[in-house]
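Residues per chain are reported as follows:
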Amino acid sequence: LKLRYYITFIITFFLTNIYLFGQVKSSTFKQAILNSDSVLLVSHNMTEQRVIEDKVDGKIKKTEPIVLRQRPNKKIIHETVLLNDSLKRLLIKILTQPYEGKIETAKCFMPHHSILLLKNGKTEYVEICFACQNLLTSKNIGTKDINYSPNMWTQLETFFLELGIKYQIPFDPD
């Protein structure tokens, strides 16, 4: 009985480590960036699986996700910038700056920008809506170190613009 328990434990431990190996799994945003092989800033068509009307044929359809089968969905991406180490550090500084004030956000959440974190062929994401100043992350990225200050949003939008990400900045609902 003890041997069976021991073998079950070893197999479970081994399989769990195989599954987790190669993923960007972290409790903080800073850790997620530092653990990634590559970090991309992208602009893209609206995501979040909203139901929209196709402007060409008038049919109702769902928007596509930014990550498809653990890879960036290139079909909806407009612009891409690969961050070097100094730009990664600047992005961390922007998103994790101290803020003690009241945080207010709107509820539109129509993301057209993302931060994509790649590790061993798998992609995690941070979807960003500059219009309502809100973000959504994939389940393996922690956000407890992100401070949603008005200054952070201004700096983040400027960061995207300065790196050539211009699609939907400022946000245009049409």
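Look a little higher up for the structure.
First, a word on scope: everything that follows refers to the structure included in this document. (Residues numbered from 1 in each chain as written. Predicted model: local features only at pLDDT ≥ 70, side-chain atom pairs only at ≥ 80, totals over all residues. Heavy atoms only, no water.)

1. Examining empty space enclosed by the protein
Applying the stated criterion across every chain yields a total of one cavity of 30 Å³ or more. By volume, the largest cavity is sized at about 40 Å³. In terms of lining residues, the largest cavity is bounded by Met110, His112, His113, Ile128, Cys129, Phe130, Ala131, Gln168 and Phe171. Tallied by class, residues from the lining of the largest cavity come to six nonpolar, three polar and no charged. (1 Å grid on protein atoms, 1.4 Å probe; cavity = no way out; pocket = protein on both sides within 12 Å on 5 of 7 lines; lining within 4 Å. Points joined across faces, edges and corners; volume = space filled by probe spheres on them. Nonpolar A, V, L, I, M, F, W, Y, C, P; charged D, E, K, R; others polar.)

2. Some remarks on the side chain of serine 114
With respect to the helices and strands, the residue serine 114 is situated in strand 7 (residues 113–119). The contact partners of serine 114, leaving out residues within four places of it in the chain, are Leu40, Leu41, Val42, His44, Ile66, Val126, Glu127 and Phe160. (Helix = DSSP H or I, 4+ residues; strand = E, 2+ residues; numbered from the N terminus. Contact = heavy atoms within 4.5 Å.)

3. Some words on the pairing of strand 9 (residues 134–137)
Only one face of strand 9 is buried: it carries Leu135 and Thr137, and the other face, with Asn134 and Leu136, is open. Between the end of strand 8 (residues 122–129) and the start of strand 9, which pair antiparallel, lie four residues, with glutamine 133 showing a positive phi angle near 55°. (Buried < 20%, exposed > 50% of the residue type's maximum accessible area, 1.4 Å probe, protein only. Pairing = 2+ DSSP bridges.)

4. Re unusual backbone geometry
Most peptide bonds take the trans form, and the phi angle of most residues other than glycine is negative. Phi at phenylalanine 109 is positive, roughly 35°, even though this residue is not glycine. Along the chain, phenylalanine 109 turns up in the loop between helix 3 (85–95) and strand 7. Note on phenylalanine 109: relative accessible area 13%, which makes it buried. Residue glutamine 133 is not a glycine yet carries a positive backbone phi of 55°.

5. Observations regarding the pattern of salt bridges
Applying the stated criterion across every chain yields a total of two salt bridges. The partner of lysine 75 in a salt bridge is glutamate 64, with the nearest N and O atoms 3.1 Å apart. Taken as a pair, lysine 75 in the loop between strand 5 (71–72) and strand 6 (77–82) and glutamate 64 in the loop between strand 3 (60–62) and strand 4 (67–68) lie far apart in primary sequence, 11 residues in all. With relative accessibility at 26%, the residue glutamate 64 sits in the partly exposed group. For lysine 88, the salt bridge goes to aspartate 85, with nearest N and O atoms at 3.8 Å. Within this pair, lysine 88 and its partner aspartate 85 are both found in helix 3, separated by three residues, close to a single helical turn. (Salt bridge = Lys/Arg side-chain N within 4 Å of Asp/Glu carboxyl O.)

6. Observations regarding helix 3
Because an α-helix packs 3.6 residues into every turn, residues spaced three or four apart end up facing the same way. Of all the residues in helix 3, the buried ones are Leu87, Lys88, Leu91, Ile92, Ile94 and Leu95. Around the axis of helix 3, the buried residues are gathered within 160° of arc, so they sit on the same side. In this structure, helix 3 carries Arg89 and Lys93 as exposed residues pointing more than 90 degrees from its buried face. Of the surrounding elements, those touching the buried residues of helix 3 are helix 2 (29–35), strand 1 (38–44), strand 7 and helix 4 (150–162). (Arc of directions from axis to C-beta.)

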